[in-house]
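As a plain string of letters, each chain reads:
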There are 2 protein chains.
Amino acid sequence: MSLVADLETVVGPERVITEPLRLHLYGKDAGLLRGNPTVVVLPESTDEIVGIMHVARRHDLPVVPRGAGTGLASGAIATEPAIMVAATRIRRILDIDPVGRTAWVEPGVVNVDLSRATRPYGLHFAPDPASQTASTIGGNVATGAGGPHCLAEGTTTGHVLAVELVTGDGDVVTLGSEAPDPPGLDLRAVAVGSEGTLGIVTKVLVRLLPNPPAVRTLLAGFDRIEHAASAVGDIIAAGVVPAALEMMDHLMTVAVENFIHADLPTEADGVLIAEVAGHPAAVDADLDVVRRIIEANGATHLRVAADERERATLWKGRKSAFGAITQMAPDYYLQDTAVPRTRLAEVVADVYEIARRHGLAMMNIFHAGDGNLHPLVAFDASEPGRLDTVKQAVDEIVERCVAADGALSGEHGIGLEKRDLMHLVFDDVSLDAQARIKEAFDPEGRCNPGKVLPLDARKPELGSKVPS
Amino acid sequence: MSLVADLETVVGPERVITEPLRLHLYGKDAGLLRGNPTVVVLPESTDEIVGIMHVARRHDLPVVPRGAGTGLASGAIATEPAIMVAATRIRRILDIDPVGRTAWVEPGVVNVDLSRATRPYGLHFAPDPASQTASTIGGNVATGAGGPHCLAEGTTTGHVLAVELVTGDGDVVTLGSEAPDPPGLDLRAVAVGSEGTLGIVTKVLVRLLPNPPAVRTLLAGFDRIEHAASAVGDIIAAGVVPAALEMMDHLMTVAVENFIHADLPTEADGVLIAEVAGHPAAVDADLDVVRRIIEANGATHLRVAADERERATLWKGRKSAFGAITQMAPDYYLQDTAVPRTRLAEVVADVYEIARRHGLAMMNIFHAGDGNLHPLVAFDASEPGRLDTVKQAVDEIVERCVAADGALSGEHGIGLEKRDLMHLVFDDVSLDAQARIKEAFDPEGRCNPGKVLPLDARKPELGSKVPS
């Protein structure tokens, strides 16, 4: 049977996409590169995904999973003939356990919809990427996507208790469990951030956190962005653990203000959003500490959101930053790196220097408390040579962050775009170990090939050296 | 050269142990089984451990790492001719970064010594197993050993940012990084809980947490242990996240009181220790909530520690439980399982029923907030057939916990004793994936062989099935 007929046997004809125009829409995620899937399938169950995996094996085609396509590293594109498995239709919230504070969800559930569904129980799913109104839990798990509130509540891996996964062989395995600390080697943790290279996640057991009884959000503006960065360090050093600590530079603030009209201090060189959450009395005390530190670092603007509406506006401003950019230039390149937060100020200064040297207008937005940087360049790719300049500058920024003991990626994943930069942070043995883990789940290399791991990651000769 | 001469070349003659009497002391950890290492080596650096690994390869001997020997699952014993690598002498605190809130330590650092060293900075290492005055950070990492305060602060894996590891090939790799969410497959998480089966951990980068400004500790006694368990569920459901929530049954309470004289309510069927921590105002409010819930569940005894001294006594009582037992009977068997905390009350009742059926006097101590059970049987192994009865009862208890969606082990590891029970919670594909991960780090199977993974975990035929 033909590939399409085989897939239609599994999911029915309506959920197999073959029209070139519609396929084109699945050719890109929010990264820079473009692919071209042979066919897109929209499964609705684990069984259907097992069926798709078997079809892929029969036709010897790779399988590329895709959530909402908001990924920024070209991790969800098909660069060779492949079956794309889109999670759009596998999106049920299967079970919410308000006492155990967990929920089983399908991978296509949109991030914000989950916290909306758990609100009646006073609970929420902590990872809150800026894309949360569109991005899926499956995509969040695949990339380890966090968000502002990972500062206090921890990165995504801590909020995923278990995943059900269809391996490259079509086996269904559950990694992790409801128990807090399951035995054996932690396969669950390996799945989080694996970007579909081990198989396709078909269910996720997430941890839910109680909504804090009180929240206060503060906005501050500084004459120099280094002062904002220094305030961040002082706040952390004072022993306060804010619920979130976000930073935007001048150009980003202007772009966001023009887009969202949140009365942001557009004259400031650096803007800080700090949020404290918890018991009302503790929150007021923490807010005082934060306020005093911000004043001591010379803030020129300081305001506490008066009510929930003003607070929501501030956050909408922060989270629409990338939307704001699209109004300024036809293309943008968003980088995602992380450095130890003690080195944030020094790295930020160098990042601006790199941009200046390349003649690029760069904007920056930061999960400052985590040391997570998002340098962003708005540009016009139709100008000759412009894209190459952008890529070069961004690679220099990544190398600068890695040199400051930083990471390649804070939360957006590695995908295709940073794959070859993995050599910067991993030695041969570590890359080989990762490649062997992939082989364990996906011996035929069928699952999202060419993503995350450099093509030469596997070193068969390692492990056979004769000791001297 | 002989094995001993080779090892002496690496570490010098003083740190190679070969006398049978001294070797005998290294034959057991705190588990039930006994082994017999060929030789024990006490390295002081990563380089020496690399050297030892090369000696092991030349002589084709396994390597078994050992911390303080407080493990409860016979994970640190040599059941075949092997080089035991004891961490006693590799125990420097290499670097404390009070601003980044991290510390690099060597594996032999005793748990409590680390928090003592970081106290001047107002920081501590959160995992606090009952064995913390003896057990090492390396052992904590190897087994994923937690403690009472993992309830609020998360299990051990969340407090380990990176490890340096010598693989079975003698390669030195660093898994993880200072960045909050490093890229690629999470090898760091795989190392935590791997019990030396991937290699020997030579350095650990731990996360440090700020000491809470205020702490209140409450002791409650109940006529029926089910009421204590039900209070635990109600406290969690009320949205309070206590810093710790510990439970002891009647017999355990009596044993501890006789040992430590902490004025515990020895008439109670169940005793609860609840601790709240944080901002002073929040702590008082949380304590009120906890107190009201405990009263509503019919507590017959209720007391808040008046000062730090009384608080320390209560905790000393809780943490000396296992010491107390050794006064009562020559042998004890401590089991470590975990269930979703919503099912704690039901499982506790069944655990007692199993003990009754086997005619065993069982004591129970719980990290109740986490659903982590520690059933404990004090007995005399010299009575014929007694040990077999104990083992049978304990296996039934584990199966009962697993049937309640629980885990094999809460925090003490799998070691040798629970290795074959891994089939209860993992299917063939998941065990094979774990075995392949071990192969990636330890292709020759040199590192703590026979521990954690069942001997038939590796299934070479998996991954070559032809799909139907």
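Keep in mind that this is a model prediction, so the values were computed, not measured.

## Here we look at the overall build of chain A
- If you tally the helices and strands in chain A, you get 16 helices and 19 strands.
- For a compact globule of 468 residues, the expected C-alpha radius of gyration is about 23 Å, and chain A comes in at 22 Å, within 12% of that figure.
- Reported as C-alpha extents along the three principal axes, the dimensions of chain A are approximately 70 × 60 × 55 Å.
- The buried share among the 468 residues of chain A stands at 61%.
- Relative to all contacts within chain A whose residues are 6 or more apart in sequence, the contacts with residues 24 or more apart total 72%.
- Surface exposure of chain A reaches about 16,500 Å², of which carbon and sulfur atoms provide 51%.
- Here chain A carries 42 positive and 64 negative side-chain charges, and the mean point of each set is 2 Å from the other.

## Overview of the interface of chain A and chain B
- Taken together, the contact pairs 74 residues of chain A with 75 residues of chain B.
- For the pair chain A and chain B, the number of links is zero salt bridges.
- Here chain A is connected to chain B by four residue pairs in polar contact (both at pLDDT 80 or more).
- When residues of the side of chain A that touches chain B are traced back to their parent elements, those giving at least two are α3 (46-58), β9 (172-176), α7 (187-191), α8 (225-237), α10 (280-296), α15 (422-425) and α16 (428-441) of chain A.
- Counting residues per element, the side of chain A that touches chain B draws most heavily on α16(A), at 10 residues.
- For the side of chain A that touches chain B, a count of residues per class yields 37 nonpolar, 20 polar and 17 charged.

## Considerations on the sheet that holds strand β8 (residues 160-167) of chain B
Residues and elements named next belong to chain B.
- On the basis of which strands lie adjacent, the open sheet formed by five strands has the order β5-β6-β10-β8-β9 and antiparallel pairing. Each edge of the sheet is formed by a strand with only one pairing partner; in this case those strands are β5 (93-97) and β9 (172-176). If you compare each strand with its neighbour and ignore which way they point, the axes differ by 15° on average.
- Bridge analysis of strand β6 (residues 102-105) against strand β10 (residues 199-207) gives four bridges, and the strand direction is antiparallel. Its bridge partner being in β10, Ala103 is matched across the sheet by Val206.
- Running over the sheet, helix α3 (residues 46-58) touches β8, β9 and β10 and is turned about 40° from β8.

## A few points about the relation of the copies chain A and chain B
- With an RMSD of 0.0 Å, the fit of chain A onto chain B corresponds to turning through 180° and sliding 0.0 Å along the axis. The two molecules are tied by a two-fold rotation axis, judged by turn and shift.
- Of all interface residues in chain A, 100% are interface residues in chain B too; the two copies therefore contact each other through one and the same surface.

## Looking at helix α4 (residues 111-118) of chain A
All names here are of chain A.
- Those residues of α4 lying buried are Asn111, Val112, Leu114, Ser115 and Thr118. Down the axis of α4, the buried set is contained in an arc of 155°. They therefore lie on one face.
- Tucked inside the fold, the buried residues of α4 contact β5 (93-97), β6 (102-105), β7 (123-124), α5 (137-143) and β10 (199-207).

## Quick notes on the confidence of the model for chain A
- Averaged over chain A, the pLDDT score is 90; the fraction of residues at 70 or greater is 98%.
- Overall, residues 464-468 of chain A carries pLDDT values under 50, and its contacts beyond four positions in sequence, including any with other chains, amount to six contacts.

## Some thoughts on the domain arrangement of chain A
- Segmentation of chain A into domains returns domain 1 (3-88), domain 2 (93-210), domain 3 (212-317), domain 4 (329-422) and domain 5 (426-462).
- When each unit is reduced to the centre of its C-alpha atoms, the spacing between domain 1 of chain A and domain 3 of chain A is 42 Å.

## Overview of the nonpolar core
- With 58 residues, the main nonpolar core has Ile137(A), Val204(A), Phe441(A), Ile137(B), Val204(B) and Phe441(B) as its most contacted residues.
- Among all residues touching Ile137(B), those that are not within four sequence positions of it are Val105(B), Pro107(B), Val109(B), Asn111(B), Leu114(B), Phe125(B), Val204(B) and Val206(B).

## Describing unusual backbone geometry
All names here are of chain A.
- Of note, Arg101 is a non-glycine position whose phi angle comes to about 55°, a positive value.
- Within the secondary structure, Arg101 is located in the loop between β5 and β6.
- Since its relative accessible area comes to 8%, Arg101 is described here as buried.

## Examining the pairing of β5(A)
Residues and elements named next belong to chain A.
- In terms of strand pairing, β5 meets β6 through four bridges, oriented antiparallel. Its bridge partner lying in β6, Asp95 is registered against Trp104.
- Counted along the chain from β5 to the antiparallel partner β6, the turn is four residues long, and its residue Arg101 has a positive phi close to 55°.

## Considerations on the pattern of salt bridges
All names here are of chain A.
- In total, this model carries 62 salt bridges over all chains according to the counting rule given.
- Arg116 is paired through a salt bridge with Asp113; the nearest N and O atoms lie 3.2 Å apart. One end of the pair is Arg116 and the other is Asp113, both in helix α4 and three residues apart, which spans about a single turn.
- Residue classification places Arg116 among the partly exposed positions, given a relative accessible area of 48%.
- Residue Asp113 is classed as partly exposed on the basis of its relative accessible area, which comes to 35%.
- When the shortest N-O distance is used, the salt bridge between Asp442 and Lys438 registers 2.7 Å. In this structure, Asp442 and Lys438 share a single accessibility class: buried.

## Notes on helix α8 (residues 225-237) of chain B
Residues and elements named next belong to chain B.
- Its 13 residues give α8 an end-to-end C-alpha distance of 19 Å, which sits within 8% of 18 Å, the value for a rise of 1.5 Å per residue.
- Buried within α8 we find Ile225, Ala228, Ala229, Ala231, Val232, Ile235 and Ile236. Down the axis of α8, the sector holding all buried residues measures 155°, keeping them to one side.
- Along its buried surface, α8 packs onto β12 (214-222), β13 (244-249), β14 (270-278), α10 (280-296), α13 (344-357) and β18 (362-367).
- Just past α8, the residue Gly239 takes up positive phi, approximately 95°.

## Some points on the sheet that holds strand β3 (residues 63-66) of chain B
- Taking strand neighbours across the sheet as the criterion, the four strands line up as β1-β2-β4-β3 (chain B) in an open arrangement whose pairing is mixed. Unpaired on one side and paired on the other, β1 (16-17) and β3 of chain B mark the two borders of the sheet.

## So, the side chain of Glu195(A)
Residues and elements named next belong to chain A.
- Along the polypeptide, Glu195 turns up in the loop between α7 and β10.
- Among buried Asp, Glu, Lys and Arg side chains, Glu195 stands out as unpaired, with Lys451 the closest opposite charge at 7.8 Å.
- A distance of 3.0 Å separates a polar side-chain atom of Glu195 from the backbone nitrogen of Gly415.
- Among residues more than four places away in sequence, those in contact with Glu195 are Gly75, Ala142, Thr143, Gly413, Ile414, Gly415, Asn448 and Val452.

About the criteria used
Residues numbered from 1 in each chain as written. Chains lettered and ligands numbered in written order. Predicted model: local features only at pLDDT ≥ 70, side-chain atom pairs only at ≥ 80, totals over all residues. Heavy atoms only, no water. Helix = DSSP H or I, 4+ residues; strand = E, 2+ residues; numbered from the N terminus. Rg over C-alpha atoms; globule rule 2.2 N^0.38 Å. Buried < 20%, exposed > 50% of the residue type's maximum accessible area, 1.4 Å probe, protein only. Contact = heavy atoms within 4.5 Å. Areas by Shrake-Rupley, 256 points an atom, 1.4 Å probe, with all protein chains shown as cover. Lys, Arg positive; Asp, Glu negative; His and termini not counted. Charge placed at Lys NZ, Arg CZ, Asp CG, Glu CD. Salt bridge = Lys/Arg side-chain N within 4 Å of Asp/Glu carboxyl O. Polar contact = N/O pair within 3.5 Å; in protein donor to acceptor, adjacent residues only side chain to side chain. Nonpolar A, V, L, I, M, F, W, Y, C, P; charged D, E, K, R; others polar. Pairing = 2+ DSSP bridges. Axes fitted to C-alpha atoms, helices over the stretch in contact; angles between N-to-C directions. Least-squares fit on C-alpha atoms with pLDDT ≥ 70 in both. Arc of directions from axis to C-beta. pLDDT = per-residue confidence, 0-100. Domains from an automatic or database assignment. Core = buried A, V, L, I, M, F, W, Y, C linked by side-chain atoms within 4.5 Å. Expected span 1.5 Å × (residues − 1).

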